[in-house]
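Given next are the chains, with one letter for each unit.
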Amino acid sequence: MIKKRILLIEDEVDMVYALTLHLEAMHYEVLSATDGQIGLDMARKEKPDLIILDLMLPKIDGYRVCRMLKFDEKYKKIPIIMFTARVQEHDKKLGQEVGADAYITKPFDAQVLLNKISALLKEH
Amino acid sequence: MKKTTRITEPKHMEFVELKNKYQLLKDLMDFIPDVIYFKDVKGKFIMVNQAHAVGLGVKPEALVGKTDFDLFSRDRAIKMIEDDANVMSTGKPIIDKVERATRTDGVDNYVSTTKIPRYDHKGKVIGLIGITRDITRRMQFERLRKDKNSIQKKLESLEEVSAMKSEFISAVSHELRTPLAVIKQLVTIVFNEVVGRVNYKQKGALQKTLDNVERLKKIIDDLLDVSRIERNTLKLHYSLVDVVDLLKDSASFFTQLAAEKNISLKYSYPKEPVNVFIDVDRIRQVISNLISNAIKFTMDGGMIKVEVKILEAKVRIGVIDTGIGISNADLPSIFNKFIQVSKLAGTDNKGVGLGLSISKKLVERHKGEIWVESKVGVGSRFYFTLLRFYTLDMLGKSLRDRVGKLIKSGVSMHFVSLLILNCNEFRKRMRIGSKPLFKDLHAILDSVLKNVKSKDIDKRAMSVISPQAGKFSIILPEVSNRQAANISRLLKYKIKQYFASNKVQDIFITVGSLSYSQKVFSHDDGLSPSRFSIKEIYIGSEMRRFKRMSFKTNIKLFLPEEKVELSESVDVSIGGVCLVIKRLLKTDSQLKLSFVFPENKEVIIVAKVRVAWIRKIDLLFGEDAGKYKVGLEFINLKNEYKKIISRRLAKTT
C-alpha cells in the first residue's frame, strides 16, 4: 500500500516535530514547511494528499495559502485542514470562506485531528 | 417775592434730588448682601451697612465709632488693621483678597475683601471704604469642579490601565497557547506509546501531566474570555436550542463526576420544551461552571440538584448544593474577578476564580440574571435566567426549497416572521372564516410591501401566511436590516389596526427577524444584510406572553416578621410585577403585596406572589448599589384583580 502524503505547513518547529511523530505513527508520510511561501511551493510541486495549514505563518499567511490553492483548478481538490491557536468564531468563518475543509484549534486533541485526516482522505 | 420764589424753587429741587440720591445709596447699602463699611484713619467705623450689622447681630448705628478690635478676635483684628494701614499709607487698594474666616457662629467660610482709600478734596487720605463678600459657595463650587476634574482624570487613566491590562492578558494568553499545544502533543505521544513502551508508573505521571495541561489550558481560556469581555470583543453566535437538551448533553458527564465524590446529582426538567435563543457554547460554559463548582465545594455524600423552572417570560436554571456554602462576607464579591470561594481545608481549590465572573458577564450578555443564595454549612443556590423564545417551524417545505435556491445562488436575504398570538380566538370573536382572514391578511401584506419603496423590494420576495396559526413568514432578498425592520414594524401596525377595526383590542403580535448572527438583533447598523445558510434558519422572538406597563405608585411588600418594604416604581403584567427594592429576597419564597393604580386609588390590589428572579443592581466598577430588581409572579391572582389589571393594560399601547 502506498503511504498517503501529508504536507504540514507550520512555523512552530516543535509542533512540526510533535505532529510528525503522531502522523508517522499512523503510517502517513509527512512533508513539512515552516513558512507560507515554501509551503505553497511544496504543495504545488509535491501535490500531497492532504495539507495541514497553520493560520499565522511568516511570508504568506495561512488564509492566502489556502485561497491560492483552493482557487486553482489544479490543486483545489487537495483537502486542507486549517490549524490555529485562535478560537474566535470569526476566524473559523474566514477559514471556511477561503475554502478550508476543516478547522482545528490549538491546543487540540491528537485523536480529533487524526480522525479528521482519515475522514477527509476517505472522502477524496 | 418773585425773586425769593425764583431762588427757593431750585433749592427745593436740589433738596429733593439729593434726597433721592441719598435714598438710592441707602437702598444699595441696605439691600446688598455684601458687607460695606467706611472707616476713618484711626480704623473707627464711620458708617456700616445693614449686612455688616446683621452679620454681627447688631444695629448699624451700634457699630459707629467701634474698631475691628471690638468686633473680631485679636489676631484677626491685627491683620485687618495692618491691611487698612497699608491701603491708607500707600494709596494702593486691595482688591478681591480671598481669606478664610470663621464666622461668629463658628462656621468656617471664605470671604473676598476689597479696600479702597478715601481722600478729601485736598488729596489727603481720610479713611477707607471696605467691601467684604461671602464667597464660601463659590469656593465650594470651585473645589467641587477641581475634584471632579481630578476624578475624571483618574477614571480616564484607570480605564487606560484596564485596557492595557486586558490587551496584555490577551497577548500573553495567545503566546502561552502555542508552547502549551506542543507540550500536550508531545506528552500525548509518549503516553500513547507512539515512541516506545511506557511503564505503569510512568503512565501515571504522564496522566497527571496531561491533567495539569488541561487545567492550564482552562485558565488560559478563562483569561482570554475575561480580556475579550473587557475589551468588548467577545462575539456571541446565537442559535435556537431547548435548554433541557443543553443540560442533558452534559448530564451523564457530571453525574459520573459527582458519583466519583459520592455526591448524588439530580436533574429535574419541565415536561415541555423550553426554547432559548443563545450562544450554545457560552451557556454550556456557564452551566458547566456552576455544576463543577457545586461538585467542587460539596463534600462526599452531599447532594446537588439542577432544576429548570419556567417563568413568565424567562426560564430559570438553578444549581442547588449541600456544599460548604459561602460566608456573608464573601457573598457580595462572589461574581467579581479573581475571587476564589472560601479556602476551607479539605476542598481542592482549582482555577483562578474567573469562572463566576465570566458566567455573570455571559448571562448578562444574554439579557439574563444571575444570583446566588448561600449559607455556610448548609449549601449554595446559584440561579440564572434566560429569555424564552417563541419558536415555530415557520418555514414550510416549499418555502424552504425556495430559500435554499436563493442561498445557493448567493443571494442574501432577510427573513421576517410574525406571529399573532391567540389568532384562533380572535377569528372566532370576529366571526370570520380562515379564507376571508387569509385574504385580508394577504392584502395587508401586499399593501405593506408596496408601501416600502417598491423598487427596493426584490421580485423574489415571497411570503407564506397561515391564518389558522396566525403565522406570517416573509422572505426579503437583498434588503437592508433597516428595510426589513421597517417592513415588520409596518406590518405589525397594520395588522393591529385591522383587528382593532374589527373590535378585537388586546391583540398581541410578536415579530421575529432572522439571523444567526447578533447583528440583526442589535438593530444597529441597518446597512448590510447578513447572510445565513439554510440549516441555521430558526425563528425566534422574545417570549413576552403578557403585555406589561410601568408606572409610579406605592407598592407594599409584606415580608415575614411583619416587616413592610415599599417601592415606588412597578412594572405590571397579568403574570406578575417587577420592581426595585432594597431588601434581598429569597428565590421562590412567597409573600404578599398590595398596590393601587394611580388613577384608581379606591381599588387596592392585593396578591400573593412568588420570587421568580433577582438582579443585583451594580454601580460603576461593580460597586454594590444595595438595590435589587426582582421579578415577582402572581400566585392565584383573584379574578376581580385580573380584570382590573387587564382592563388597565388594554388602555396602554
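Quick note: structure is the one above.
Residues numbered from 1 in each chain as written. Chains lettered and ligands numbered in written order. Predicted model: local features only at pLDDT ≥ 70, side-chain atom pairs only at ≥ 80, totals over all residues. Heavy atoms only, no water.

Asks: Help me understand the overall build of chain B in this model?
Replies: Looking only at helices and strands, one finds 16 helices and 24 strands in chain B. For chain B, the residues scored as buried account for 43% of the 653 residues in total. For chain B, restricting intrachain contacts to residue pairs at least 6 apart in sequence, the fraction spanning at least 24 positions comes to 63%. Carbon and sulfur atoms make up 55% of the accessible area of chain B, which totals about 37100 Å². (Helix = DSSP H or I, 4+ residues; strand = E, 2+ residues; numbered from the N terminus. Buried < 20%, exposed > 50% of the residue type's maximum accessible area, 1.4 Å probe, protein only. Contact = heavy atoms within 4.5 Å. Areas by Shrake-Rupley, 256 points an atom, 1.4 Å probe, with all protein chains shown as cover.)

Asks: Looking at this structure, I do not really get helix H1 (residues 13-25) of chain A. What am I missing?
Replies: In an α-helix, one turn spans 3.6 residues, which is why side chains three or four residues apart end up on the same side. The end-to-end C-alpha distance of H1 of chain A, which contains 13 residues, comes to 18 Å, matching closely the 18 Å that a straight helix rising 1.5 Å per residue would cover. Listing the buried residues of H1 of chain A in full gives Met15, Val16, Ala18, Leu19, Thr20, His22 and Leu23 of chain A. Looking at the buried residues of H1 of chain A, the elements they touch are strand S1 (5-9), strand S2 (29-33), strand S3 (50-54), strand S4 (80-84) and helix H5 (110-123) of chain A together with helix H6 (136-191) of chain B. At the C-terminal side of H1 of chain A, His27 of chain A shows a positive phi close to 65°. (Expected span 1.5 Å × (residues − 1).)

Asks: Looking at this model, I keep getting lost on the packing of aromatic side chains. Mind explaining?
Replies: Given two aromatic rings, one states the distance between the centres and the angle between the planes to describe the pair. Residue and element names in this part refer to chain B. Across all of its chains, the model carries six aromatic pairs over all chains by this definition. Measuring from centroid to centroid gives 5.5 Å for Tyr37 and Phe45, while their planes differ by 85°, and the two rings are edge-to-face. Assigned by exposure class, Tyr37 and Phe45 land together as buried. The cationic tip of Lys203 hangs over the ring face of Phe191; the distance from NZ or CZ to the ring centre is 4.7 Å. When the ring centre of Tyr269 is taken as reference, the NZ or CZ atom of Lys248 above it lies at 5.3 Å. (Phe/Tyr/Trp six-rings, centres within 6.5 Å; stacked < 30°, edge-to-face > 60°. Lys NZ or Arg CZ within 6 Å of the ring centre and 35° of its normal.)

Asks: In this structure, what is going on with the sheet that holds S3 of chain A? I would like to understand it.
Replies: All names here are of chain A. Reading across from one edge, S2-S1-S3-S4-S5 is the order of the five strands in this open sheet, with parallel pairing throughout. The sheet terminates laterally at S2 and strand S5 (102-105), the two strands that pair on one side only. Between one strand axis and the next, the sheet turns by 20° as a mean value, whatever way the strands run. As judged from the four bridges shared by S3 and S4, these two strands associate in the parallel manner. Looking at S4, one finds that Asp54 is bridged to Phe83. Against the sheet, helix H2 (residues 36-46) contacts S1, S2 and S3, and its axis sits at roughly 140° relative to S2. The sheet strands contacting helix H3 (residues 62-70) are S1, S3 and S4, and the helix crosses S4 at an angle near 175°. (Pairing = 2+ DSSP bridges. Axes fitted to C-alpha atoms, helices over the stretch in contact; angles between N-to-C directions.)

Asks: Would you explain the pairing of S3 of chain A in this entry?
Replies: Every other side chain in a regular strand lies on the same face of the sheet, so the side chains alternate between the two faces. Residues and elements named next belong to chain A. Taken across its five residues, S3 has five buried, putting it largely inside the fold. Side-chain alternation along S3 places Leu50, Ile52 and Asp54 on one buried face and Ile51 and Leu53 on a second face that is also buried. With four bridges joining them, S1 and S3 adopt parallel strand pairing. Bridge pairing in S3 places Ile6 opposite Leu50. As a crossover connection, the stretch from S3 through H3 into S4 is right-handed. (Right-handed = clockwise from strand over helix to strand, strands pointing away.)

The analysis is restricted to geometry; functional conclusions fall outside its scope.
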